[in-house]
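# Observations on the model geometry
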Amino acid sequence: AMEASGVGRAVIVQPGNHGYDHRYVAGVLRRFPGRFAGMALADPSPGGGGAAEIRRLVQEEGFAGVRFNPYLWPDGETMSNAVGREMYAAAGALGVPVGHMAFHGLLPLLDDVEALLAAHPETPCIIDHMGFCRPP
């Protein structure tokens, strides 16, 4: 279907229903090298994979970016907490972008995104799911 549509490459973002189990997307990246770019899902949970898992997924599994889903942070925590800053720094050191899922609009996330960018300007930033923003 990709060839018929003239699509040479595509991005696969780790599906939310797979949680932090990246085996499916990693398998696709291995099976079709150079065809897909994988976006890993950052795990901010207490005791979760954090920055170490980001490094592993990029260096060993070939992921090309990281998604920060702000709705997965523990209650009362934000993307710019210590775990978020560490994961953001890891992505920047690896030269891969962080995509921020602005599912409910950018304004609720803006302070966090600005804080992360100020602390780690070397980390490329993507804002995705902007289609759900409503004009004032």
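The structure reproduced in this document is the subject of the present report.

This paragraph deals with the nonpolar core. Formed by 18 residues in total, the largest nonpolar core has its most connected members in Ala-42, Ile-54, Val-66, Phe-68, Met-79, Met-87 and Val-98. Broken down by secondary-structure element, the contributors of at least two residues to this core are α2 (50–59), β3 (65–68), α3 (82–94) and α4 (110–119). Tallying contributions element by element places α3 first for this core, with 4 residues. Listed in part, the 8 residues of the second largest apolar core include Ala-26, Val-28, Phe-36 and Leu-57.

Applying the stated criterion across every chain yields a total of 3 aromatic pairs. Centroid distance Phe-68 to Trp-73: 5.2 Å. Interplanar angle 45°. Geometry classified as tilted. The same class applies to Phe-68 as to Trp-73, namely buried. Their ring planes at 75° and their centres at 5.6 Å tell us that Phe-68 and Tyr-88 sit as a pair that is edge-to-face. In this pair, Phe-68 is assigned in strand β3 and Tyr-88 in helix α3, connecting sequence segments 20 residues apart. Ring pairing ties together the aromatic residues Phe-68, Trp-73 and Tyr-88, which thus form one cluster.

What follows concerns α3. Over its 13 residues, α3 extends 18 Å from the first C-alpha to the last, a length consistent with the 18 Å expected when each residue adds 1.5 Å. Every buried residue of α3 is listed here: Gly-84, Met-87, Tyr-88, Ala-90, Ala-91 and Gly-92. Looking at the buried residues of α3, the elements they touch are α2, β3, β4 (98–101), α4 and β5 (125–128). For α3, the side-chain oxygen to backbone nitrogen distance between the N-cap and Val-83 is 3.2 Å, and the N-cap itself is Asn-81. Count one or two residues on from α3 and you reach Gly-95, which has phi positive near 75°.

Take the sheet that holds β3 next. Note on sheets: strands pair through backbone hydrogen bonds, and any given pair is parallel or antiparallel. Taken in spatial order, the 5 strands line up as β1-β2-β3-β4-β5 in an open sheet, and their pairing is parallel. Both edges of this open sheet fall to β1 (10–13) and β5, since each of them pairs with a single strand only. Within the sheet, the average angular offset between the axes of one strand and its neighbour, ignoring direction, is 30°. Bridging between β4 and β5 involves 4 bridges; their strand directions are parallel. Residue pairing across strands places His-100 opposite Ile-127, the latter belonging to β5. Contacts from helix α1 (residues 23–31) reach β1 and β2 (36–41), with the element oriented near 160° to β2.

Cut-offs applied
Residues numbered from 1 in each chain as written. Predicted model: local features only at pLDDT ≥ 70, side-chain atom pairs only at ≥ 80, totals over all residues. Heavy atoms only, no water. Core = buried A, V, L, I, M, F, W, Y, C linked by side-chain atoms within 4.5 Å. Buried < 20%, exposed > 50% of the residue type's maximum accessible area, 1.4 Å probe, protein only. Helix = DSSP H or I, 4+ residues; strand = E, 2+ residues; numbered from the N terminus. Phe/Tyr/Trp six-rings, centres within 6.5 Å; stacked < 30°, edge-to-face > 60°. Expected span 1.5 Å × (residues − 1). Contact = heavy atoms within 4.5 Å. Polar contact = N/O pair within 3.5 Å; in protein donor to acceptor, adjacent residues only side chain to side chain. Pairing = 2+ DSSP bridges. Axes fitted to C-alpha atoms, helices over the stretch in contact; angles between N-to-C directions.

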